[in-house]
Amino acid sequence: MKATGIVRRIDDLGRVVIPKEIRRTMRIREGDPLEIFTDKDGEVIFKKYSPIGELGEFASQYAETLAKTSGIAACITDRDSIIAVSGIPKREIAEKRVSIDLEKIMGEKSSYVQSAGSAKKIPLVDGMDKYNANVVVPIISEGDSIGSVIFFSDGNASAGEVEAKLAQSAASFLGKHMEG
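Residues numbered from 1 in each chain as written. Predicted model: local features only at pLDDT ≥ 70, side-chain atom pairs only at ≥ 80, totals over all residues. Heavy atoms only, no water.

## A look at the nonpolar core
With 23 residues, the main nonpolar core has Leu66, Ile76, Val135, Ile139, Val149, Phe151 and Leu174 as its most contacted residues. Counting 19 residues, the second largest nonpolar core, distinct from the first, contains Ile93, Met106, Val136 and Ile150. (Core = buried A, V, L, I, M, F, W, Y, C linked by side-chain atoms within 4.5 Å. Buried < 20%, exposed > 50% of the residue type's maximum accessible area, 1.4 Å probe, protein only.)

The following block contains the structure:
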């Protein structure tokens, strides 16, 4: 665990303010769910909760099916990181933080499909421009964007209408699945 040197007091209702610098660094937004853990040493740990992250193996199998069906690499993300990937070696991007551009697309709850011949690049991972999104469809559950389904490439493959429909179908299914 990394010490920040920041000390906060708990108020009379049991609340504590997470400093703005930490919220910005950890991309914690108003309304984000946090899990609370304790350990035997008396430490209290807050961790961002990822409903999509709960899908684990299911999300991995879904990403694998999407990649095999389309022939293009696919991944499933939560709002912060890539939780499942297929079509490239997983260690390259699995569990890495998504780029600001992807976070913005998810926040706007809008789909993105790279147009043919477009020079615009949407990097998949923060600080890495090797892989770029061809199709991004946010996963919406109970009106909130909780992640995305993405087809991506290293510039050698392009996605079209079929992949956009596949991603829309997958995102819709996962969103409904999360609603229970």
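## Observations concerning the confidence of the model for the chain
Across the chain, the average pLDDT comes to 88, with 98% of residues at or above 70. For the chain, the element scoring lowest by mean pLDDT is strand β2 (residues 44–48), at 84; strand β3 (residues 73–78) scores highest, at 95. (pLDDT = per-residue confidence, 0-100. Helix = DSSP H or I, 4+ residues; strand = E, 2+ residues; numbered from the N terminus.)

## A word on the pattern of salt bridges
Oppositely charged side chains may form a pair once their charged atoms are brought near each other. Evaluation of the coordinates by the stated rule reveals six salt bridges. As a salt-bridge pair, Asp11 and Arg15 come within 2.8 Å of each other at their nearest N and O atoms. Judged by its relative accessible area of 29%, Asp11 falls in the partly exposed class. Asp126 is the partner of Arg27 in a salt bridge, and the nearest nitrogen-oxygen pair spans 2.6 Å. Here the residue Arg27 occupies a position in the loop between α1 (20–25) and β1 (34–38), and Asp126 occupies one in the loop between β6 (123–125) and β7 (128–141), the gap between them amounting to 99 residues. By relative accessible area, which is 37% here, Asp126 ends up partly exposed. Through salt bridges with shared partners, one network takes in Arg27, Arg29, Glu103 and Asp126. (Salt bridge = Lys/Arg side-chain N within 4 Å of Asp/Glu carboxyl O.)

## Some details on the packing of aromatic side chains
Aromatic rings considered in pairs are described by the distance between their centres and by the relative angle of their planes. Tallying each qualifying case throughout the model produces four aromatic pairs. Measuring from centroid to centroid gives 6.2 Å for Phe58 and Phe173, while their planes differ by 40 degrees, and the two rings are tilted. A residue pair is termed long-range when its members are at least 10 positions apart, and Phe58 in helix α2 (residues 56–70) and Phe173 in helix α4 (residues 161–179) qualify at 115 residues. Given a relative accessible area of 30%, Phe58 falls into the partly exposed group. An aromatic cluster is built from Phe58, Tyr62 and Phe173, whose rings are joined through pairwise contacts. (Phe/Tyr/Trp six-rings, centres within 6.5 Å; stacked < 30°, edge-to-face > 60°.)

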